[in-house]
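Breakdown of the fold
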Amino acid sequence: PAYAVIESGDYDGDGTADAAVFRPSAALWSIRNLTRAYFGASSDLPASADYDGDGTSDLAVFRATAGLWSVRNLTRIYLGSTGDLSVPGNYAGSGGARAAVFRPAAGMWSIRDLTRSYFGGTADVPVPADYSAAGLCDIAVFRPASGLWSVLALTRLYLGSPGDQVAPADYGGDGGAEPAIFRSSSGMWSVRNLTRVFFGQAADQAVPADFLGAGLSEIAVFRAQDSLWSVRNATRIYLGSTGDWPVTK
């Protein structure tokens, strides 16, 4: 599927990430032990985030062909166009997440009501996260060809190679995200300056998140063909099917 950034996967505001999927073919959102709802369309990118700053992730979609952001029970706004990727995040550090897009063709980041800047290029993957542990989202890109991670006004480092899945998250529990990759061909996770472990297999999708409410992200995978969510050293649960997008973080 197209790449989509999820800012938050805590859909009930209890401080713990919820296993959740978006099924494009039916525009179905299924959140484990919480709700099933129909919202969006088959061509939309899921863009879950806490847009109103209440501690709960809102169901949201980005429709690039119309530049439409639709947040369920909250708002509809226009930002972006065809070819843009949705990169919602709390870039201001207060007031909740903001709608934002990354335009690979121009290396442009456009963050609603905040800024427009140029960082990255055509082949880059956007990887916004709070790398500085400052309580706000940093603009950042991953360049698969060279394994380069570049965080605006903060750092440049190398981790990963073509084919790796990007999986930045707060694995250390210090409030800051660590650059990380998941190499599904070998099941290898590499978290910079923290750990290298093997968990998962080919066709798995990386879904690191704070599933236990411990204040840090656990290594986890979603195996769509088996409807399996497997959290390392913790639990296995079942939700979703082939074609679903995991929408938690």
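Provided above is the structure to which this section pertains.
Please read all numbers here as calculations on a predicted model, not as lab measurements.

Right, let's talk about the overall build of the protein chain for a bit. Secondary structure summary: the protein chain contains zero helices and 24 strands in total. Against the globule reference of 18 Å for 249 residues, the protein chain gives a C-alpha radius of gyration of 17 Å, in line with a compact fold. Counting only C-alpha atoms and orienting by the principal axes, one finds that the protein chain spans roughly 40 × 40 × 30 Å. Among the 249 residues that make up the protein chain, the fraction classed as buried is 55%. Look at the contacts in the protein chain between residues 6 or more apart in sequence, and 35% of them connect residues 24 or more apart. Carbon and sulfur atoms make up 47% of the accessible area of the protein chain, which totals about 10500 Å².

Moving on: the sheet that holds strand β21 (residues 220–223). The strands making up a sheet are joined through hydrogen bonds of the backbone, oriented either antiparallel or parallel. Within the open sheet, the four strands sit side by side as β20-β21-β22-β23. Their pairing is antiparallel. Of all strands in the sheet, those bounded by a partner on one side alone are β20 (205–206) and β23 (235–238). Sheet topology note: the β21/strand β22 (residues 228–231) ladder contains four bridges and is antiparallel. In the strand pairing of β22, Val221 is matched with Ser230.

Counting 15 residues, the largest nonpolar core has Tyr51, Phe62 and Trp69 as its most contacted members. Mapped by element, the contributors of at least two residues to this core are β5 (60–63) and β6 (68–71). Here Tyr51 is in contact with Asp58, Ala60, Trp69, Val71, Leu74, Pro88, Gly95, Gly96, Ala97, Arg98 and Ala99, once residues within four sequence places are set aside.

Attention shifts here to the packing of aromatic side chains. Two aromatic rings, taken as a pair, are described by how far apart their centres are and by the angle between their planes. Inspection of every chain in the model, using the stated rule, returns seven aromatic pairs. With a centroid separation of 5.0 Å and an interplanar angle of 35°, the aromatic rings of Phe182 and Trp189 are classed as tilted. Summarising the burial analysis for this pair, Phe182 and Trp189 share the class buried. Judged by centre distance (5.0 Å) and plane angle (40°), the ring pair of Phe222 and Trp229 falls under tilted. The two residues Phe222 and Trp229 agree in class, both being buried. A network of ring pairs unites the aromatic residues Phe211, Phe222 and Trp229 as a single cluster.

Take the pattern of salt bridges next. Taken as a whole and judged by the stated rule, the model has seven salt bridges. With its nearest N and O atoms 3.5 Å apart, the salt bridge here joins Asp113 to Arg112. Residue Arg112 is classed as partly exposed on the basis of its relative accessible area of 34%.

What follows deals with the layout of surface pockets. Volume-wise, the largest pocket comes out at about 820 Å³. Surrounding the largest pocket, 33 residues form its lining, Glu7, Ser8, Asp130, Asp170 and Lys249 being those nearest its centre. By volume, the second largest pocket amounts to about 710 Å³. As for the second largest pocket, its lining consists of 27 residues, of which Tyr3, Ala4, Gln165, Val166 and Ala206 are closest to the centre. Mapped by element, the contributors of at least two residues to the lining of the second largest pocket are β12 (125–126), β16 (165–166), β20 and β24 (245–246). Residues of the lining of the second largest pocket, tallied by class, amount to 22 nonpolar, three polar and two charged.

Cut-offs and rules
Residues numbered from 1 in each chain as written. Predicted model: local features only at pLDDT ≥ 70, side-chain atom pairs only at ≥ 80, totals over all residues. Heavy atoms only, no water. Helix = DSSP H or I, 4+ residues; strand = E, 2+ residues; numbered from the N terminus. Rg over C-alpha atoms; globule rule 2.2 N^0.38 Å. Buried < 20%, exposed > 50% of the residue type's maximum accessible area, 1.4 Å probe, protein only. Contact = heavy atoms within 4.5 Å. Areas by Shrake-Rupley, 256 points an atom, 1.4 Å probe, with all protein chains shown as cover. Pairing = 2+ DSSP bridges. Core = buried A, V, L, I, M, F, W, Y, C linked by side-chain atoms within 4.5 Å. Phe/Tyr/Trp six-rings, centres within 6.5 Å; stacked < 30°, edge-to-face > 60°. Salt bridge = Lys/Arg side-chain N within 4 Å of Asp/Glu carboxyl O. 1 Å grid on protein atoms, 1.4 Å probe; cavity = no way out; pocket = protein on both sides within 12 Å on 5 of 7 lines; lining within 4 Å. Points joined across faces, edges and corners; volume = space filled by probe spheres on them. Nonpolar A, V, L, I, M, F, W, Y, C, P; charged D, E, K, R; others polar.

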